[in-house]
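# Structural overview for review
Below are the chains, spelled out letter by letter.
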Amino acid sequence: MNKENIISDTDRSMMREAIRLSRESVENGGGPFGAVIARDGEIIAKSSNSVTLLNDPTAHAEVSCIRKACQKLNTFDLTGCVIYTSCEPCPMCLGAIYWAHIGKIFYANNRKDAADIDFDDDFIYQELDKPFEQRATPIIPLLRDEAIGVFKMWSEKTDKIEY
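An account of the accompanying structure is given in this report. (Residues numbered from 1 in each chain as written. Predicted model: local features only at pLDDT ≥ 70, side-chain atom pairs only at ≥ 80, totals over all residues. Heavy atoms only, no water.)

### What about the overall build of the protein?
Going by this rule: The numbering of helices and of strands both runs from the N terminus, where a helix is a DSSP run of H or I of at least 4 residues and a strand a run of E of at least 2. When checking whether two residues touch, look at their non-hydrogen atoms; a contact exists if any pair is within 4.5 Å. Only the protein chains shown count as cover for residues, and all accessible areas are computed by the Shrake-Rupley method using a 1.4 Å probe. Here the positive residues are Lys and Arg and the negative ones are Asp and Glu; neither His nor the chain ends is included. By convention, charge coordinates are those of NZ in Lys, CZ in Arg, CG in Asp, or CD in Glu.
On a plain count of helices and strands, the protein comes out with 7 helices and 4 strands. Helices (α) and strands (β) of the protein occur, in sequence order from the N terminus, as α-β-β-α-α-β-α-β-α-α-α. Taken over the C-alpha atoms alone, the protein extends approximately 55 × 40 × 35 Å along its principal axes. A separation of at least 24 residues holds for 49% of the contacts in the protein among residues at least 6 apart in sequence. With the model as given, the accessible surface of the protein reaches about 11200 Å², and the carbon-plus-sulfur share is 54%. Side chains of the protein carry 19 positive and 26 negative charges; the gap between the two charge centres is 5 Å.

Here's what the structure looks like:
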């Protein structure tokens, strides 16, 4: 095992907090998911799933936790942070974790465990592998000729903040 994959007592403690948050979420009417973002062994943010509580399909524990961490640190770049999540991240959360540049992901339950209780992310993973014309939800290109000008404007902008 290389040095990058050593699991510390701090890692275990952070994961136990994510699991505690998932348990608390269920008790309060939310989904069974919790997440913690830490840097240098210190908790930056923590959250649980509140999809049904907020009527927001993006209010997964990981996404909510990323939002809180970014607000607290006043940045959109969480380089140097670690996320501990009570379940393997779904495709949306995994994308958000990558966009936030979080350096390491620890998870407890896996996606099969989630599927066993009717949280089946496998459908989305399968959809991503299909060509647009074979996906369950139609994806239709429209007005690219008009929109490409905005991309050109962005590309030429000299004072942009890249992310």
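### Examining the nonpolar core
Nonpolar side chains in soluble globular proteins tend to end up buried together. Here is the rule: In plain words, nonpolar cores are sets of buried Ala, Val, Leu, Ile, Met, Phe, Trp, Tyr and Cys residues tied together by side-chain atoms within 4.5 Å. The buried label applies to any residue whose accessible area, calculated with a 1.4 Å probe on protein chains only, is under 20% of its type's maximum; exposed applies above 50%, and partly exposed to all values in between.
In terms of nonpolar packing, the biggest core is built from 18 residues, with Ile37, Ile66, Ala69, Leu78, Ile83 and Ile102 touching the most fellow members. Breaking this core down by element, the ones donating at least two residues are β1 (34-39), β2 (42-48), α3 (61-73) and β3 (81-87). Examining the composition of this core, we find that 5 residues originate from one element, α3, more than from any other. When near neighbours in sequence (up to four residues on either side) are disregarded, Ile37 contacts Glu42, Ile43, Ile44, Ala45, Cys65, Ile66, Ala69, Leu78, Cys81, Val82, Ile83 and Ile102. If you look at the next biggest cluster of nonpolar residues, it comprises 9 residues, including Met14, Leu21, Val36 and Ala38.

### Quick word on the sheet that holds strand β4 (residues 104-109)
Convention followed: For two strands to pair, DSSP has to find at least two bridges joining them. Helix axes are fitted to C-alpha atoms over the stretch in contact, other axes to C-alpha atoms as well, and angles between N-to-C directions run from 0 to 180 degrees.
The 4 strands are arranged β2-β1-β3-β4 in an open sheet whose pairing can be described as mixed. At either margin of the open sheet sits one strand with a lone partner, and together these are β2 and β4. Adjacent strand axes in the sheet meet at a mean angle of 15°, parallel and antiparallel pairs treated alike. Most of the contacts of α3 go to β2, to which it runs at about 140°, and overall it touches β1, β2 and β3.

### Some words on the pattern of salt bridges
Applicable threshold: Throughout this description, the term salt bridge denotes a Lys or Arg side-chain nitrogen within 4 Å of a carboxyl oxygen of Asp or Glu.
Per the stated rule, a full pass over the model turns up 9 salt bridges. Ionic pairing is found between Glu17 and Lys46, a salt bridge with its closest N-O pair at 3.0 Å. Taken together, the residues span a long stretch of sequence, with Glu17 in helix α1 (residues 9-27) and Lys46 in strand β2 at a distance of 29 residues. In the salt-bridge network here, residues are joined through shared partners; they are Glu17, Arg20, Glu24 and Lys46.

### Structural notes on helix α7 (residues 144-156)
Applied cut-off: One fewer than the residue count of a helix, multiplied by 1.5 Å, yields its expected span.
With 13 residues, α7 should cover 18 Å at 1.5 Å per step; its first-to-last C-alpha distance of 18 Å lies within 8% of that length. In terms of burial, α7 is a largely surface element, 0 of the 13 residues being buried.

### With respect to the pairing of β2
The pairing of β1 with β2 spans 6 bridges and is classified as antiparallel. Bridge pairing links Gly34 to Ser48 in β2. With antiparallel pairing between neighbouring strands as the criterion, β1 and β2 make up a hairpin whose turn holds 2 residues, including Asp40 at a positive phi of roughly 55°.

### Section: the pairing of β1
In terms of residue burial, β1 counts as a mostly covered element, since 5 of its 6 residues are buried. Bridge count between β1 and β3: 5 bridges; the pairing is antiparallel. Residue pairing across strands places Val36 opposite Tyr84, the latter belonging to β3.

### Comments concerning the layout of surface pockets
Over the atoms, a rolling probe the size of a water molecule traces out where space has been left empty. Note the cut-off: Definitions used throughout: a 1 Å grid over protein atoms alone; a cavity as a set of points that fits a 1.4 Å probe which cannot get out; a pocket as an open set with protein on both sides within 12 Å along at least five of seven lines; a lining residue as one with an atom within 4 Å of a point. Grid points are joined across faces, edges and corners, and a volume is the space filled by probe spheres set on the points. We call Asp, Glu, Lys and Arg charged. Ala, Val, Leu, Ile, Met, Phe, Trp, Tyr, Cys and Pro are nonpolar, and the rest, Gly among them, are polar.
Considered as a void within the structure, the largest pocket measures approximately 250 Å³ in volume. The wall of the largest pocket is formed by 17 residues, among which Phe33, Asn49, His60, Phe119 and Asp121 lie closest to the centre. Of all elements in the fold, only α2 (51-54) and α3 reach the threshold of two or more residues within the lining of the largest pocket. For the lining of the largest pocket, the residue count by class is 9 nonpolar, 4 polar and 4 charged.

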